[in-house]
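Residue strings, one per chain:
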Amino acid sequence: MLYCTRQKVGEKMKETTVLGIRVSVTTKEELVALVKQSITQDRKLTFVAINARKVMRAKEQKEMADLLRTFDVFLADGASIVAACDEPMERITGIDLMETLCAHAQELHLRVFLYGSTKEHNQKAQAALQKQFPFLRIVGSIDGYEDADVIQRINQSQANIVFVAKGTPAQERWIARYKQEVCANVFLGIGGALDIWSGSLQRAPEWIQRLGFEWLFRMLLQPKRLIQIPELIRFQRLVMKDRKKRQVRKHGITEERN
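Residues numbered from 1 in each chain as written. Predicted model: local features only at pLDDT ≥ 70, side-chain atom pairs only at ≥ 80, totals over all residues. Heavy atoms only, no water.

A. Expanded view of unusual backbone geometry. Note that the residue after Thr168, namely Pro169, is joined by a cis bond; omega there is 5 degrees. For Pro169, the location among the structural elements is in the loop between strand E8 (161-165) and helix H8 (170-178). With phi around 55 degrees, Asp42 is a residue other than glycine that occupies positive phi space. Here Asp42 shows up in the loop between helix H1 (28-40) and strand E4 (45-50). Residue classification places Asp42 among the exposed positions, given a relative accessible area of 59%. Phi at Ser117 takes a positive value of approximately 60 degrees, unusual for a residue other than glycine. (Helix = DSSP H or I, 4+ residues; strand = E, 2+ residues; numbered from the N terminus. Buried < 20%, exposed > 50% of the residue type's maximum accessible area, 1.4 Å probe, protein only.)

See the structure below:
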């Protein structure tokens, strides 16, 4: 995994790769500063959460690989992604960053728009967010099944941040296609976060998250996700194979130098 730097909204951000897919080496504090900067400078900033399934899709599907290249920040969302990196890095899930950005938005009086999930879950998520962040300005919302006038409604709301909960790859596709037409500066795909905030979907306890088994917890709650296991096994095999190749290459270089 080679580290590199790219220009990100006026500053350089460290990156690594997992099986050729970019992952940002960053912290929540750095991302909050980046969000503030993008809004102040009126620039677009897009986040995408990277997990094992997304890496495999990007390797096997050109559309996903092309979509990922349009984003600015690549969150190490999955525990398997963090484990695949050679250096310690902070795991930042979409829902965790959403919560952090809501706290930031409340403090700076930024405007937030919620797009996605069902109408019922969207409304319940709003109520839960408003309870936790009483002064958060949620200026609009629309469920993930009403796409006709969503751009107009977001622009009318003058939102600064848009959380998109349409699942992968729909949310990534929407952000990549429409970010320039929307007045907002910051876009984050949050998957099932609104379902969790609404209370309709339970998130793993923190101790399970710390152990890196949140994916297993979700599978037990949603057995249909069990079909993902072969894909996850392929991911782990490829990571091990890649790591072994790099170790052999490094050892070979050492031998030549000796």
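B. Inspection of the side chain of His104 at higher detail. One can find His104 in helix H5 (residues 94-108). Beyond its immediate stretch of four places on either side in the chain, His104 contacts Val32, Val35, Lys36 and Leu110. (Contact = heavy atoms within 4.5 Å.)

C. The sheet that holds strand E9 (residues 186-189), seen in detail. Strand order in the open sheet made by the 6 strands is E5-E4-E9-E8-E6-E7, with parallel pairing throughout. With partners counted over all chains shown, the strands left at the sheet margins are strand E5 (73-76) and strand E7 (137-142), one partner each. Each strand of the sheet is rotated relative to its neighbour by a mean of 20 degrees, with strand direction disregarded. Of the strand pairs in this sheet, E8 and E9 are connected by 4 bridges, and their pairing is parallel. By the bridge assignment for E9, Phe163 is matched with Leu188. Helix-sheet contacts for helix H6 (residues 119-132) involve strand E6 (111-116) and E7, and the interaxial angle to E7 is about 170 degrees. (Pairing = 2+ DSSP bridges. Axes fitted to C-alpha atoms, helices over the stretch in contact; angles between N-to-C directions.)

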